[in-house]
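Structure assessment
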Amino acid sequence: MQQEWEKNKITFRMYSTLARVLFRNDSVKLKILGMDQGSKYKIADWVMLVRQFYTNAISKPEILEKMKEYTVNEERLQQALSDIEQLEKIKAGQEKEKGEAQQSTSVRDDAFALLDEFMYGLINIALAVLYDQQQMVEKLGITAMNRKRSTNKVSPGDPGSPGEPIDPNNPEGAGDNS
């Protein structure tokens, strides 16, 4: 993409410089070719300017005749226009791929968020059901780190918070001495 971009920039710079010199005293023709505008740095703006230049240079006989005097004929301008169209197709393909990648990343992140929520609930259920069987909890792979991560979503003092596991014999939760 970068190589095509550079090639098209060089070609356009050559043709547009010639046009600026040839029509320096003809503001109407410069405006028709888009040469009355400043330099374009965004690719979309630049492509629009270049497309305007080539299209109008080809379609206006008085411009084309003057440029032919310097070996810039309709065929060359048409080829340059085709190159720009190809560059646009490449750019559109890249944008499509970028959008698809962003969509895939979003879907993946959503799936991980659902999985995280599920695991949070599963770990807390396991801690509640296996409250007095710590070896079973460890066999399930629920380590102190998992407990800490899964219980970080609970406020201190809530049943299931660190240091206060859910007691199945006390439905009101840990810390309730009534």
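Now for a description of the structure that goes with this document. (Residues numbered from 1 in each chain as written. Predicted model: local features only at pLDDT ≥ 70, side-chain atom pairs only at ≥ 80, totals over all residues. Heavy atoms only, no water.)

Turning our eyes to something else, we now look at the environment of tryptophan 5. Relative to the assigned elements, tryptophan 5 resides in helix H1 (residues 2-22). Separated by 82 residues in sequence, tryptophan 5 and leucine 87 place their C-alpha atoms 7.1 Å apart. (Helix = DSSP H or I, 4+ residues; strand = E, 2+ residues; numbered from the N terminus.)

This paragraph deals with the pattern of salt bridges. Scanning the entire structure with this criterion turns up nine salt bridges. The salt bridge partner of glutamate 85 is arginine 51, with a shortest N-O separation of 3.4 Å. On the criterion of sequence distance, the pair formed by glutamate 85 in helix H5 (residues 74-129) and arginine 51 in helix H3 (residues 43-59) is long-range, its members being 34 residues apart. Overall, the relative accessible area of 34% leaves glutamate 85 in the partly exposed class. Looking at arginine 51, the relative accessible area reads 28%, which means it is partly exposed. The partner of lysine 91 in a salt bridge is glutamate 95, with the nearest N and O atoms 3.3 Å apart. Linking lysine 91 with glutamate 95, this pair stays in helix H5, spanning four residues, or about one helical turn. For glutamate 95, a relative accessible area of 39% translates into the label partly exposed. (Salt bridge = Lys/Arg side-chain N within 4 Å of Asp/Glu carboxyl O. Buried < 20%, exposed > 50% of the residue type's maximum accessible area, 1.4 Å probe, protein only.)

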